[in-house]
Amino acid sequence: MRKILIVGAGQSGLQLALGLQSRGYEVTVMSNRTADEIRGGRVMSTQCMFHTALQHERDLDLNFWESQAPRIEGLGVSVAAPDSSRAIDWLGRLDGHAQSVDQRVKMAGWMETFAQRGGQLVIHGAAVSDLDFFARTYDLVLVSAGKGELVSMFERDAARSPYDAPQRALAVSYVHGLGPRPEHPGTEAVRCNLVPGVGELFVMPSLTTSGRCDILFWEGVPGGPLDAFQGIKDPAEHLARTLELMEKFTPWEYARATNVELTDANATLAGRYAPTVRKPIGRLPGGGAVLGVADVVVANDPITGQGSNSASKCAASYLDSIVRHGDRPFDEEWMQTTFDGYWNTAQHVTKWTNAMLAPPPEHVLNLIGAAGQLQPVADRFANGFNNPADFEEWFYDPALADAYLAEVAPA
């Protein structure tokens, strides 16, 4: 039986561990926190997952919360005018529903499931020196912990990383008490509110430790008016700042939020990081090699909501590659080929995300505006969150954009 070590207990690490476990591999997962510590800890992300990523979970019978989490049927876009009214407002319909499950709920549950099914769970913060030892005792070591010392083993891929500094300041609040949305009553949707030159506010329904909730997520241009959360330690102050900015820049969202309260004492998160693609093979001091997983090797800004989607797709791709490899050694050539297979999907996410971080060119503004009059355009935008490769066909090139609009516009 082949022995595999996975360092990190997030979406990619646990999905991959449970998938390998179901196929008879001897799997060890190393986490720096217990399931109870995760469940009772701070929120970790916003994690809206679209159809393809959710299907990977269903394929492994890991969709434990699908009947409890809100079914997100649409994705809406609003663009603020200079007077803080809405210059653009539309809703695209998703072909397959999306869902968001608080990672505290999901990761704790998956860790417990992995252990109950006989997996070895080691609660220990791994260092490079630990991996040097483990690389000699396991057939394969995978690193899926996207922060800390271990990431430094993976060299930045400058050709695929156009940014060397954070492009947004991030601030998240999980809340109860958000009022109903008047524009599309009865339809759960992710709402993307764009404030040109300032940043973005995302609002999404989710499932948290205390039941249904909504997530308020500011992405602010660094140094701008939304970059206002550094140094805030008190969750109540964090929420107050969130609402204050909503009242000023997105008053249509603030109108629904006058009675919100945080879901729990750990329901806020703030930070920033530079979007980075890294080379997939980490080399250890003793000569061994480890393979990076998901955001260890491809870390995008969350502006396009792709983090947990990419993690799920990476885990599915790696699982297939490991199983197909049979009993042959997991050498560096296999590691590179395995990553290249994932990059075939991930490159489209990186290209789209980096494009959305930059000021939009005129043809993209035209597309966003046209989606308000042409439902097929709104729907195609929405479904691009599930399949970012589709943007290649109509989004980046002005000629392709014009041809697409001419095709869908009424005669």
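Heads up: the structure comes first, above all this text.
These lines cover the structure that appears in this document, whether it is placed above or below.

Thresholds, definitions, all that
Position numbers for residues count from 1 along each chain, tracking the sequence in the order it is written. Given that the model is predicted, a residue must reach a pLDDT of at least 70 before its local features are reported, and side-chain atom pairs must reach 80 or more before they are shown or counted; all residues, however, enter totals for whole chains, interfaces and linings. The side-chain numbers reported here are obtained from all heavy atoms of the structure, hydrogens and water having been left aside. Here, strands pair whenever DSSP counts at least two bridges between them. Each helix is a run of DSSP H or I of at least 4 residues and each strand a run of E of at least 2, with the numbering of both proceeding from the N terminus. Convention adopted: a line fitted to C-alpha atoms gives each axis, helices being fitted over their contacting stretch, and angles between N-to-C directions are expressed from 0 to 180 degrees. Remark: exposure states derive from per-residue accessible area (1.4 Å probe, protein chains only) relative to the maximum for the residue type, with buried under 20%, exposed over 50%, and partly exposed in between. Contact criterion: two residues are considered in contact whenever any of their non-hydrogen atoms come within 4.5 Å of each other. Roughly parallel means an angle under 35 degrees; roughly antiparallel, over 145; roughly perpendicular, 65 to 115; everything else is oblique. Side-chain classes follow a simple rule in which Ala, Val, Leu, Ile, Met, Phe, Trp, Tyr, Cys and Pro form the nonpolar group, Asp, Glu, Lys and Arg form the charged group, and the remainder, Gly included, forms the polar group. Any pair of nitrogen or oxygen atoms within 3.5 Å is treated as a polar contact; in protein, a donor-acceptor pairing is required on top of that, and neighbouring residues in sequence qualify only through side-chain atoms on both sides. To qualify as a nonpolar core, a set must consist of buried Ala, Val, Leu, Ile, Met, Phe, Trp, Tyr and Cys residues joined through side-chain atoms within 4.5 Å.

## Some thoughts on the sheet that holds strand β1 (residues 3–7)
Thinking step 1. Spatially, β6-β2-β1-β7-β16-β15 is the arrangement adopted by the 6 strands of the open sheet, whose pairing is mixed. Since the sheet does not close on itself, it has two edges, and those belong to β6 (120–123) and β15 (281–283), each with one partner. Neighbour-to-neighbour, the strand axes of the sheet open up by a mean angle of 25°, direction not taken into account.
Thinking step 2. Both β1 and strand β2 (residues 26–31) contribute to a ladder of 5 bridges, which runs parallel. Counterpart to Leu5 in the pairing with β2 is Thr28.

## Here's the deal with helix α11 (residues 375–384)
Thinking step 1. Among all positions of α11, only Val377, Ala378, Phe381, Ala382, Asn383 and Gly384 are buried.
Thinking step 2. On the buried face of α11, the contacting elements are β4 (72–80), β5 (86–100), α9 (332–357), α10 (362–370) and α12 (398–408).

## Structural notes on the packing of α11 against α12
Thinking step 1. One can describe the packing of α11 onto α12 by two numbers: an axis separation of 9 Å at closest approach and a directional angle of 130°. Taken together, the axis directions place α11 and α12 in an arrangement best described as oblique. For the pair formed by α11 and α12, the contact residues are Pro376, Val377 and Arg380 on the first element and Tyr404, Leu405 and Val408 on the second.
Thinking step 2. Looking at the contact of α11 with α12, its residues break down into 5 nonpolar, no polar and 1 charged.

## Some remarks on the side chain of Gln99
Thinking step 1. You can see Gln99 is positioned in strand β5.
Thinking step 2. A polar contact is formed between the side chain of Gln99 and the backbone oxygen of Glu66, at a distance of 2.9 Å.
Thinking step 3. Setting aside chain neighbours within four positions, we find Gln99 in contact with Gln47, Cys48, Met49, Leu54, Glu66, Ala69, Pro70, Arg71 and Ile72.

## Re the nonpolar core
Thinking step 1. If you look at the biggest cluster of nonpolar residues, it comprises 66 residues, and the most contacted ones within it are Leu75, Trp218, Leu367, Val377, Phe381, Trp394 and Phe395.
Thinking step 2. Once residues within four sequence positions are removed from consideration, Trp218 is found in contact with Ala169, Leu170, Ala171, Glu200, Leu201, Leu226, Phe229, Thr242, Leu245, Met246, Phe249 and Thr250.
Thinking step 3. Counting residues in each nonpolar core, the second largest holds 64 residues, with Leu20, Ala126, Ala289 and Ala346 among its members.

Function cannot be read off these values alone, since they describe shape.
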